Structure formats: structure tokens, C-alpha cells
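Commentary on secondary and tertiary structure
Here is what each chain is made of, one letter per residue.
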Amino acid sequence: GENVEQHPSTLSVQEGDSAVIKCTYSDSASNYFPWYKQELGKRPQLIIDIRSNVGEKKDQRIAVTLNKTAKHFSLHITETQPEDSAVYFCAAMETSYDKVIFGPGTSLSVIP
Amino acid sequence: EPEVTQTPSHQVTQMGQEVILRCVPISNHLYFYWYRQILGQKVEFLVSFYNNEISEKSEIFDDQFSVERPDGSNFTLKIRSTKLEDSAMYFCASSTPSDRTNTGELFFGEGSRLTVL
């Protein structure tokens, strides 16, 4: 089955700097790669996603890149703000929609 | 905006007791899921449900677990005989509207925190 790895497990940046989180997946059949943000005690919330027919997607300060050949994808947050502090999960889903498998998470701290 | 709703928000139970967690997925979604998150850890897939039957389940989803869609709206997770290690946040999610636009995006409920004593 699908296995998703994520690095780093913790990341601390100064406000205004960029943050990059990297993920790899194992199943070449996966074709949908969402990123979720989870604040303490809350549910995961989708922040951006990418499908395997595109290599990059951007939404304001957030961008995701996908390299299907290497089976890795990354989240880039520019001009970080304290409210970006949260745990970020990458995930991968197979075509069948049967399951979305999450990475172990990255705890991001943005220092004012 | 439609939301996935879950009840109860928190349940405390004794080891060995049965627990039922309830979810109302978004009404026109086709896929339903249960995930588990032990405090401070990753979001773990338990089971997916499509067309009134289980389509995938993980190793965690053993014989102690079962899911049902007893009517057109509710989706339940039953744990038959709870163990201490079942203590976690259980998230229900649904995805994929019936017109199959924007497939795959999971909409999570707020979670049910289960504490087993």
C-alpha cells in the first residue's frame, strides 16, 4: 500500500522567511496530493492540493510542486506569519478514491 | 456551506465497553471515511466506505471495529470492546460529490475524542 514520508518533523522560521516541507510517496498509482493544516485541537483543513497532471500550483503565499518521476512533492510557504504556525500534513491518494494516506506531519513554528 | 458533523465530541468509557461514534457526511458525497489520530501523532486511515460497503480498511481496523450506514444520512463507527490504546481523536470525513467534480478532497468533521479508562 501507499506510504508517505515527510521532512522535517519540526521546522522553526522567523516571521517573513520561507518554509519548505518535503514529502515522498511510494505508490506510482497515486494521482492526488493534498496538503492539510491542523491547528491545535482542530480538524485538518485542506490548504492546497495538486493532481498528477500538473507540476506546480500556487495560491497566494502557498505553492506546491510535484515530481511524479521521483515521487516527491513539496509545500512552499513564503512570507510566513505567526498564524501559519500549525502542523502540516502531506497526503497521497490513489485513483480509486478509496483512501488518502497521510504523512507523519511537520510542526511549523513561525517566530515573530 | 455544508459540513460533516460528528457526535459525541468527547466520550469517556471504561475498557471493554462498546462505543458508537456517529457522523453525518455531506449529503451528496459518495465516499465516507474514518480516521484516527492519537494525541500528537499522524492522521491514520481506518476505513473507507462506498456504495454501502467497505471498500478499503487498514490493519488497525480489526474485528473489534465495524462501520454502518443505517439510514441515508448517518455513518457510524462501532468499537466492540474498547482497549486503552483506542484512546484517540476519531475523525469522520467524506469526499467526492455525486457529479464527481473535485474528486478526492476530504472534508473532515470536528472529531470525536475517545478516552478509554
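Further up the page is the structure itself.
Residues numbered from 1 in each chain as written. Chains lettered and ligands numbered in written order. Predicted model: local features only at pLDDT ≥ 70, side-chain atom pairs only at ≥ 80, totals over all residues. Heavy atoms only, no water.

Here the focus is the interface of chain B and chain A. Counting residues at the interface gives 24 residues for chain B and 19 residues for chain A. Where chain B abuts chain A, roughly 1,900 Å² becomes buried across the two surfaces, and 52% of that area is made up of carbon and sulfur atoms. Applying the counting rule to chain B against chain A returns three salt bridges. The tally of links from chain B across to chain A stands at seven residue pairs in polar contact (both at pLDDT 80 or more). Elements that contribute at least two residues to the side of chain B that touches chain A include exactly β4 (29-37), β5 (44-50), β6 (53-57) and β9 (88-97) of chain B. Among the elements that line the side of chain B that touches chain A, the one with the most residues is β4 of chain B, at four residues. (Contact = heavy atoms within 4.5 Å. Buried area = accessible area lost by both parts, 1.4 Å probe. Salt bridge = Lys/Arg side-chain N within 4 Å of Asp/Glu carboxyl O. Polar contact = N/O pair within 3.5 Å; in protein donor to acceptor, adjacent residues only side chain to side chain. Helix = DSSP H or I, 4+ residues; strand = E, 2+ residues; numbered from the N terminus.)

Moving on: the nonpolar core. Counting residues in hydrophobic clusters, the biggest one holds 42 residues, and the most contacted among them are Trp35 and Phe102 of chain A together with Tyr35 and Leu106 of chain B. Ignoring any residue separated from it by four or fewer positions in sequence, one finds Tyr35 of chain B in contact with Lys99, Val100 and Phe102 of chain A together with Val43, Glu44, Phe45, Leu46, Met89, Tyr90, Phe91, Leu106 and Phe108 of chain B. Residues Phe49, Phe65, Val67 and Phe75 of chain B belong to the second largest nonpolar core, which totals 21 residues. (Core = buried A, V, L, I, M, F, W, Y, C linked by side-chain atoms within 4.5 Å. Buried < 20%, exposed > 50% of the residue type's maximum accessible area, 1.4 Å probe, protein only.)

Attention now moves to the pattern of salt bridges. All names here are of chain A. The final tally for this structure, using the stated rule, is seven salt bridges over all chains. With a shortest N-O distance of 3.6 Å, Lys37 and Glu39 are connected by a salt bridge. Residue Lys37 is classed as buried on the basis of its relative accessible area of 17%. In this structure Glu39 comes out as partly exposed when scored by relative accessible area, which is 38%.

A word on the sheet that holds strand β1 (residues 4-7) of chain A. Adjacent strands of a sheet pair through backbone hydrogen bonds, lying either parallel or antiparallel. All names here are of chain A. With respect to topology, five strands assemble into an open sheet ordered β1-β3-β8-β7-β6, the strand pairing being antiparallel. Because the sheet does not close on itself, it has two edges, and the strands there are β1 and β6 (56-59). Looking at each pair of strands side by side, their axes are set apart by 15 degrees on average, direction ignored. As paired strands, strand β3 (residues 19-25) and strand β8 (residues 72-77) are joined by six bridges and run antiparallel to one another. Paired with Val20 across the two strands is His76, which belongs to β8. (Pairing = 2+ DSSP bridges. Axes fitted to C-alpha atoms, helices over the stretch in contact; angles between N-to-C directions.)

Residues and elements named next belong to chain B. By the secondary structure assignment, Thr82 is in the loop between β8 (75-79) and β9. At a separation of 2.9 Å, a polar atom in the side chain of Thr82 contacts the main-chain carbonyl oxygen of Gln17. In contact with Thr82, other than residues within four places in its own chain, are Thr13, Gln14, Met15, Gly16, Gln17, Val19, Leu114 and Val116.

This next bit is on the side chain of Gln6 of chain A. All names here are of chain A. Structurally, Gln6 can be placed in strand β1. Residue Gln6 is classed as buried on the basis of its relative accessible area of 4%. Of the polar contacts made by the side chain of Gln6, one reaches the backbone nitrogen of Cys90; its length is 3.4 Å. Engagement of the side chain of Gln6 in a polar contact is seen with the side chain of Thr106, the distance being 3.0 Å. Contacts of Gln6, omitting those with residues within four sequence positions, involve Ile21, Lys22, Cys23, Trp35, Tyr88, Phe89, Cys90, Gly103, Pro104, Gly105 and Thr106.

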